[in-house]
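Letter by letter, the chains look like this.
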Amino acid sequence: MSVKNTEFFKLIEDFIDDYREANGATPTIREIEAGLGIPKSTVGRYLAYMREQGMLDYSGPRNITTKEAKKTKRETVKVPVLGAVSCGLPKFAEENIEEYIRLPVALFGRGNFFILRANGDSMIGVGINDGDLVLIRQQDSAEEGQIVVALMDDEATLKRYYPEPEQGRVRLHPENDRLKDIYADSCTIQGVAVKVIKDLT
């Protein structure tokens, strides 16, 4: 291949990395063409050349890995933000989702996640403050002592979970000395808190 414009290498690599960052997958040749204004046949030739030179791995549509992607392991998971934890049952219907954000798998792992905004100060003892984003792994069971999103009387709350089968109840413990434990005959576990995403002031 006679390479006439070496700037295309950088343009194509940057476009692929930016697209992966925004969408969690690599673009097709047609999307690269549209995004950069480069003819499809030219994009195909450049991708083939870049693969031959070891500049990227390319094995078909949506399967392009640049050196930058290999280095930073940019694989992400798309997670819905569902609003404040006190607003009731977290639902995955589109109208209840505020937005989606992408989180790097390398930092947050894989799984079915959603994010809730903490509302109030009931969990400040474990560093969850009002307005923080709490990453929740969606599941319907929890171990004793885990922080859960629990549903009681159609209202969700974020508390530490302690089953007390001898008393026929569960205890939901706030991490705030000013607040009392909540007792209930039962509750529905919506998920377990795994990470807190917050601004540092």
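Small disclaimer: the values here were computed from a predicted structure and weren't measured. (Residues numbered from 1 in each chain as written. Predicted model: local features only at pLDDT ≥ 70, side-chain atom pairs only at ≥ 80, totals over all residues. Heavy atoms only, no water.)

A word on the overall build of the chain. The secondary structure content of the chain amounts to 5 helices and 11 strands. For the chain, with 201 residues in total, the buried portion stands at 40%. A sequence separation of at least 24 residues applies to 56% of the contacts in the chain between residues at least 6 apart. (Helix = DSSP H or I, 4+ residues; strand = E, 2+ residues; numbered from the N terminus. Buried < 20%, exposed > 50% of the residue type's maximum accessible area, 1.4 Å probe, protein only. Contact = heavy atoms within 4.5 Å.)

Here we come to the nonpolar core. Grouped together as the largest cluster of nonpolar side chains are 17 residues, with contacts concentrated most on Ile12, Ile16, Ile32, Leu47, Leu56 and Ile64. Elements supplying a minimum of two residues to this core: helix 1 (7–23), helix 2 (29–36), helix 3 (40–52) and strand 1 (56–58). Top element by residues in this core is helix 1. It accounts for 6 residues. When residues no more than four places from it in sequence are discounted, the contact partners of isoleucine 16 are Thr26, Pro27, Ile32, Leu47, Leu56, Ile64 and Thr66. By size, the runner-up hydrophobic cluster in this structure holds 14 residues, among which are Leu82, Ile97, Ala118 and Leu158. (Core = buried A, V, L, I, M, F, W, Y, C linked by side-chain atoms within 4.5 Å.)

Tracing the sequence through the fold places leucine 133 in strand 6 (residues 133–138). A relative accessible area of 18% places leucine 133 in the buried class. For the pair leucine 133 and asparagine 119, spaced 14 residues apart in sequence, the C-alpha to C-alpha distance is 9.7 Å. Excluding residues that lie within four positions of it along the chain, leucine 133 makes contacts with Ile115, Leu116, Arg117, Lys195, Val196 and Ile197.

At a minimum axis separation of 11 Å, helix 1 and helix 3 run at an interaxial angle of 90°. The orientation of helix 1 relative to helix 3 falls into the category roughly perpendicular. Between helix 1 and helix 3, the contacting residues are Phe8, Phe9, Ile12, Glu13 and Ile16 on the first element and Thr42, Tyr46, Leu47, Tyr49 and Met50 on the second. Residue composition of the contact of helix 1 with helix 3, by class: 8 nonpolar, 1 polar and 1 charged. (Axes fitted to C-alpha atoms, helices over the stretch in contact; angles between N-to-C directions. Parallel < 35°, antiparallel > 145°, perpendicular 65-115°, else oblique. Nonpolar A, V, L, I, M, F, W, Y, C, P; charged D, E, K, R; others polar.)

To continue, consider the packing of aromatic side chains. A ring pair, where both rings are aromatic, is described by two values, the distance of the centres and the angle of the planes. With the rule as written, the count across this model stands at 4 aromatic pairs. Residues phenylalanine 9 and tyrosine 49 carry aromatic rings whose centres are separated by 5.8 Å and whose planes lie at 10° to one another, so their mutual orientation is stacked. Within this pair, whereas phenylalanine 9 is found in helix 1, its partner tyrosine 49 is found in helix 3, the two being separated by 40 residues in sequence. By relative accessible area, which is 13% here, phenylalanine 9 ends up buried. Connected via pairs of aromatic rings, a cluster forms that spans Phe8, Phe9, Tyr46 and Tyr49. One Lys or Arg, lysine 78, reaches over the ring of tyrosine 100 and ends 4.6 Å from the middle of that ring. Sitting over the ring of tyrosine 162, arginine 171 keeps its end group 4.4 Å from the ring centre. (Phe/Tyr/Trp six-rings, centres within 6.5 Å; stacked < 30°, edge-to-face > 60°. Lys NZ or Arg CZ within 6 Å of the ring centre and 35° of its normal.)

Within the structure shown, the criterion is met by 9 salt bridges. Note that arginine 178 is salt-bridged to aspartate 121, the shortest N-O span being 2.6 Å. Remark: aspartate 121 occurs in the loop between strand 5 (113–117) and strand 6 and arginine 178 occurs in the loop between strand 9 (169–173) and strand 10 (182–184); sequence separation between them is 57 residues. Its relative accessible area of 32% is what places aspartate 121 among the partly exposed residues. For the salt bridge of lysine 198 with aspartate 132, the shortest nitrogen-to-oxygen distance reads 3.1 Å. With lysine 198 in the segment after strand 11 (188–197) and aspartate 132 in the loop between strand 5 and strand 6, the pair connects residues that are 66 residues apart, well separated along the chain. Connected through salt bridges with shared partners, the residues Glu164, Arg169, Arg171 and Asp181 form a single ionic network. (Salt bridge = Lys/Arg side-chain N within 4 Å of Asp/Glu carboxyl O.)

With that settled, the discussion passes to the confidence of the model for the chain. Close inspection of predicted coordinates is inappropriate in any region flagged by low pLDDT. Per-residue pLDDT for the chain has a mean of 82; in total, 88% of the residues score no lower than 70. Strand 9 holds the highest mean pLDDT among the elements of the chain, 94, whereas helix 4 (residues 67–72) holds the lowest, 68. Here residues 86–95 scores under 50 on pLDDT; set against residues more than four positions off or in separate chains, the count is 26 contacts. (pLDDT = per-residue confidence, 0-100.)

This part takes up the environment of glutamate 68. Locating glutamate 68 in the fold gives a position in helix 4. Taking the C-alpha atoms as reference points, glutamate 68 and aspartate 17, separated by 51 residues in sequence, lie 7.5 Å from one another.

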